[in-house]
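If you want the building blocks of each chain, they are given just below.
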Amino acid sequence: MAGPSASGAAGGPDGVSAPRPRRDRELNRRKLLAAAREVFRDRGLKATLDDVARHAGVGVGTAYRHFPNKQALIDELVDDMFARVEEATRAGAEDADAWRGLAVGLERVAELQALDRGLREVVFHSERAVPTGQRYQEQIRRNVDLTVERAKEQGVLRADADPWDLVMIQQMLAAVTERSGRPDLWRRYLRLLLDGLRAVPGRTEPLPDGHFGRGPDAPGPDWAGPPSPGADAPGSSPA
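Only a predicted model underlies this, so the values are computations on that prediction, with no experimental measurement involved.

*Asks:* How do you make sense of the confidence of the model for the protein when you look at a structure like this?
*Replies:* Should pLDDT be low for a region, the predicted coordinates there are not to be read in detail. With 74% of its residues at a pLDDT of 70 or more, the protein shows a mean pLDDT of 79. Helix H1 (residues 4-9) is the least confidently modelled element of the protein, averaging 46 in pLDDT, while helix H10 (residues 186-197) averages 95, the highest of any element. Under a pLDDT of 50 for its full length, residues 4-14 has, in the predicted model, 9 contacts with residues more than four places off or in other chains. pLDDT under 50 marks residues 214-239. Its contacts with residues more than four places away, or in other chains, come to 49 contacts.

See below:
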């Protein structure tokens, strides 16, 4: 007959700790998520759930008990990726110096992209981020809109710049890393692009119209999702 200590250790009615199987399950889940961040960061989203299980040091069966397929695991990680992007854009929007906020916000998101191959793949393939990450996407959009609005109010951002210009710049910077394989080369091009965004009275040529948010072929920010049919461009006022 089992003694009282056995019941307590197992987390029975008289025990105060959680049952060991439940603790082991949570530990394995954390191991899988940590391993997935590293595997997808280094190898991209083509890595398999088996790759993640091996990296985590758990059995493949354990991995599939937590996540029925790789997409379920990716969805959870993408949500975390969007949370980090939202944090970076919010810090930029809240900076009292609007130009510094804009520049640092772009830099922080570009750093995330450069260090995380999985995030770069999300940027280039928006279908991976829908519906996962939607709870952050609208806030990211508002952060970017506010950053642009405040920079214009302070006279440091050219008047014809659009919030989606910042998103397109992020895609350009991600492409530099993806194509060159050099994780810091994007910094050179960010500096060039920032110089193009800065307001310089009497020394800037007008920008061609980007047609943002107008028409089915208009480009849209991958982390904010494509505009709804007939939607206004971000930051614009309703008619």
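*Asks:* Looking at this model, I keep getting lost on the packing of helix H5 (residues 70-94) against helix H8 (residues 134-153). Mind explaining?
*Replies:* Helices that pack against each other are described as a pair by the angle of their axes relative to one another and the distance between those axes. It is the contact of H5 with H8, at a shortest axis distance of 9 Å, that shows an interaxial angle of 20°. Judged by the angle between their axes, H5 and H8 are roughly parallel. Between H5 and H8 lies a crossing of left-handed hand. Across from Asp 79, Phe 82, Ala 83, Val 85, Glu 86, Thr 89, Arg 90, Gly 92 and Ala 93 in H5, the residues of H8 making contact are Arg 135, Tyr 136, Gln 137, Gln 139, Ile 140, Asn 143, Val 144, Leu 146, Thr 147 and Arg 150.

*Asks:* Honestly, empty space enclosed by the protein in this entry has me stumped. Any pointers?
*Replies:* If you walk through the whole model with that rule in mind, you get 3 cavities of 30 Å³ or more. Within this model, the largest cavity holds a volume of roughly 110 Å³. If you go around the largest cavity, you meet 14 residues; those closest to its centre are Thr 89, Gly 105, Leu 106, Val 144 and Leu 166. For the lining of the largest cavity, the secondary-structure elements that each account for two or more residues are H5, helix H6 (98-115), H8 and helix H9 (163-180). Broken down by element, the lining of the largest cavity gets its largest block of residues, 5 residues, from H6. Here the lining of the largest cavity is composed, by residue class, of 7 nonpolar, 7 polar and no charged.

Definitions and cut-offs
Residues numbered from 1 in each chain as written. Predicted model: local features only at pLDDT ≥ 70, side-chain atom pairs only at ≥ 80, totals over all residues. Heavy atoms only, no water. pLDDT = per-residue confidence, 0-100. Helix = DSSP H or I, 4+ residues; strand = E, 2+ residues; numbered from the N terminus. Contact = heavy atoms within 4.5 Å. Axes fitted to C-alpha atoms, helices over the stretch in contact; angles between N-to-C directions. Parallel < 35°, antiparallel > 145°, perpendicular 65-115°, else oblique. Left-handed = near helix turned anticlockwise from the far one by under 90°. 1 Å grid on protein atoms, 1.4 Å probe; cavity = no way out; pocket = protein on both sides within 12 Å on 5 of 7 lines; lining within 4 Å. Points joined across faces, edges and corners; volume = space filled by probe spheres on them. Nonpolar A, V, L, I, M, F, W, Y, C, P; charged D, E, K, R; others polar.

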